[in-house]
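Structural characterization, general
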Amino acid sequence: GISLDADNPILIDASVVPAVVEVSCLSEDGVYAPGDAVQILVKFSEPVVIDGMPFLVLDGGVDADGDVTEATATFLSGSGSTDLVFEYTVGEGHTSFGLDYVDVQSLNLDQCENGSPRGSIKFASAN
């Protein structure tokens, strides 16, 4: 930004970018049946604002054929804060002994038919 006041310059620090600092389960440890809901916290270093429906790709375990299954946790709440809550509904055949996200690119945005992202996760102070 430009400030004409030498005593009160405007400082914009573009080096501060929100980053995921923690992913944890809000639901108690235990055994869950198909249809049960499990809530997952994704904590950011700075407040973020959600536009659209982000989702988290999870490791759903190994199915009866030995194939790895993926599961999806959908965004539930937390826009405008550092804490985003996602909800995963246990599916048939999901047998993970330690529910976890797949990799560092597991947090995704819903996509348009052409494959471009629909929505955004933005730094709250940049809005």
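Remember, predicted model here, so these are calculated numbers, not experimental data.

Grouped together as the largest cluster of nonpolar side chains are 15 residues, with contacts concentrated most on Ile40, Leu56, Leu58, Ala73, Leu84, Phe86 and Tyr88. Here this core gets six residues from one element, more than from any other, and that element is strand 2 (residues 37–52). Residues in contact with Ala73, not counting those within four places in the same chain, are Ile40, Phe55, Leu56, Leu58, Phe86, Glu87 and Tyr88.

For the structure on display, the rule yields one salt bridge. When the shortest N-O distance is used, the salt bridge between Lys43 and Asp83 registers 2.5 Å. With Lys43 in strand 2 and Asp83 in strand 5 (residues 81–89), the pair connects residues that are 40 residues apart, well separated along the chain. Classification of Asp83 as partly exposed rests on a relative accessible area of 28%.

With that out of the way, let us pick up the side chain of Ser27. Mapped onto the secondary structure, Ser27 falls in the loop between strand 1 (20–25) and strand 2. Overall, Ser27 belongs to the buried group, its relative accessible area being 17%. Here the side chain of Ser27 touches Gln39 through a polar contact of 2.9 Å, landing on its backbone nitrogen. If we ignore the near neighbours within four places in the chain, the residues touching Ser27 are Tyr32, Ala37, Val38 and Gln39.

This brings us to the pairing of strand 4 (residues 68–77). Two elements, strand 3 (residues 55–62) and strand 4, share six bridges in a ladder whose sense is antiparallel. Within the sheet, the bridge partner assigned to Val62 lies in strand 4 and is Val68. Hairpin connection of strand 3 to strand 4: five residues between the antiparallel strands, including Gly66 at a positive phi of 90°. One ladder, built from four bridges, connects strand 4 with strand 5; its direction is antiparallel.

Our focus in this paragraph is the side chain of Ser106. When you line up the elements, Ser106 lands in the loop between strand 5 and strand 6 (107–108). Ser106 has contacts with Phe55, Leu56, Val57 and Tyr101, leaving out every residue within four places of it along the chain.

Here the focus is the pairing of strand 3. Sheet analysis places strand 3 next to strand 6, joined by two bridges and oriented antiparallel. In the sheet register, Leu56 faces strand 6, and the bridge partner there is Leu107.

About the thresholds
- Residues numbered from 1 in each chain as written.
- Predicted model: local features only at pLDDT ≥ 70, side-chain atom pairs only at ≥ 80, totals over all residues.
- Heavy atoms only, no water.
- Core = buried A, V, L, I, M, F, W, Y, C linked by side-chain atoms within 4.5 Å.
- Buried < 20%, exposed > 50% of the residue type's maximum accessible area, 1.4 Å probe, protein only.
- Helix = DSSP H or I, 4+ residues; strand = E, 2+ residues; numbered from the N terminus.
- Contact = heavy atoms within 4.5 Å.
- Salt bridge = Lys/Arg side-chain N within 4 Å of Asp/Glu carboxyl O.
- Polar contact = N/O pair within 3.5 Å; in protein donor to acceptor, adjacent residues only side chain to side chain.
- Pairing = 2+ DSSP bridges.

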